[in-house]
Amino acid sequence: MPKSCRAPHCSNAAGQARPPARRLSFYKFPLHDAARLRQWLAQMRQENWVPTRHQHLCSDHFEPSCFQYRWGVRYLRPDAVPTIF
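How each quantity is defined
- Residues numbered from 1 in each chain as written.
- Predicted model: local features only at pLDDT ≥ 70, side-chain atom pairs only at ≥ 80, totals over all residues.
- Heavy atoms only, no water.
- Core = buried A, V, L, I, M, F, W, Y, C linked by side-chain atoms within 4.5 Å.
- Buried < 20%, exposed > 50% of the residue type's maximum accessible area, 1.4 Å probe, protein only.
- Helix = DSSP H or I, 4+ residues; strand = E, 2+ residues; numbered from the N terminus.
- Contact = heavy atoms within 4.5 Å.
- 1 Å grid on protein atoms, 1.4 Å probe; cavity = no way out; pocket = protein on both sides within 12 Å on 5 of 7 lines; lining within 4 Å.
- Points joined across faces, edges and corners; volume = space filled by probe spheres on them.
- Nonpolar A, V, L, I, M, F, W, Y, C, P; charged D, E, K, R; others polar.
- Phe/Tyr/Trp six-rings, centres within 6.5 Å; stacked < 30°, edge-to-face > 60°.
- Lys NZ or Arg CZ within 6 Å of the ring centre and 35° of its normal.
- Pairing = 2+ DSSP bridges.

Structural notes on the nonpolar core
By size, the foremost hydrophobic cluster in this structure holds 18 residues, and its most contacted members are C5, F29, W40, L57, F62 and L76. Considering each element in turn, this core owes the most residues, 4 residues, to helix α1 (residues 34-44). Residues contacting F62, with those up to four places away along its chain left out, are Y27, W40, L57, F67, L76, A80, V81, P82 and I84.

Here is the structure:
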């Protein structure tokens, strides 16, 4: 099953054609960090929704400062919270 973004009104999915400068990546919800998960859901305005381990948010919902790069690979910072909706 292809990954798709669970943010409201976002239709991004893995495998969609995009220009190289608009790389898209997907990140799992922080299910094992209750405080951070509450922050994510509050930013999404989805406080009463519970994501599953198979659901993701796409990189379009994170500021550039939320990422770190190692060996040319983009990683989400451990304290990152999505803010773009």
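Details of the layout of surface pockets
By volume, the largest pocket amounts to about 170 Å³. Along the wall of the largest pocket there are 13 residues; nearest its centre are R23, S59, F62, F67 and R74. When the residues that make up the lining of the largest pocket are grouped by side-chain class, the tally is 6 nonpolar, 1 polar and 6 charged.

A few points about the environment of R23
Assignment of secondary structure puts R23 in the segment before β1 (26-28). Under the relative-accessibility criterion, R23 is labelled partly exposed at 43%. What R23 contacts, discounting residues up to four positions off in sequence, is S59, Y69, G72 and R74.

Remarks on the packing of aromatic side chains
Scanning the model with the defined rule gives 6 aromatic pairs in all. Aromatic pair F29 and W40: ring centres 5.6 Å apart, planes at 55°, arrangement tilted. With F29 in the loop between β1 and α1 and W40 in helix α1, the pair connects residues that are 11 residues apart, well separated along the chain. Of the two residues, F29 and W40, both sit in the buried class. Relative to F62, the ring of W40 lies with its centre 5.4 Å away and its plane at 65°, an arrangement referred to as edge-to-face. One end of the pair, W40, is in helix α1; the other, F62, is in the loop between β2 (56-58) and β3 (67-70), and 22 residues separate them in sequence. One aromatic cluster is present, built from ring pairs that chain together Y27, F29, W40, W49, F62 and F67. Stacked on the ring of Y75, the Lys or Arg R70 has its end atom at 4.1 Å from the ring centre.

What about the pairing of β3?
In the sheet, β3 pairs with strand β4 (residues 73-76) via 4 bridges, with the strands oriented antiparallel. Looking at the pairing, Y69 lines up with R74 of β4. Once β3 ends, the chain turns through 2 residues before running back antiparallel as β4, passing W71 with a positive phi of about 55°.

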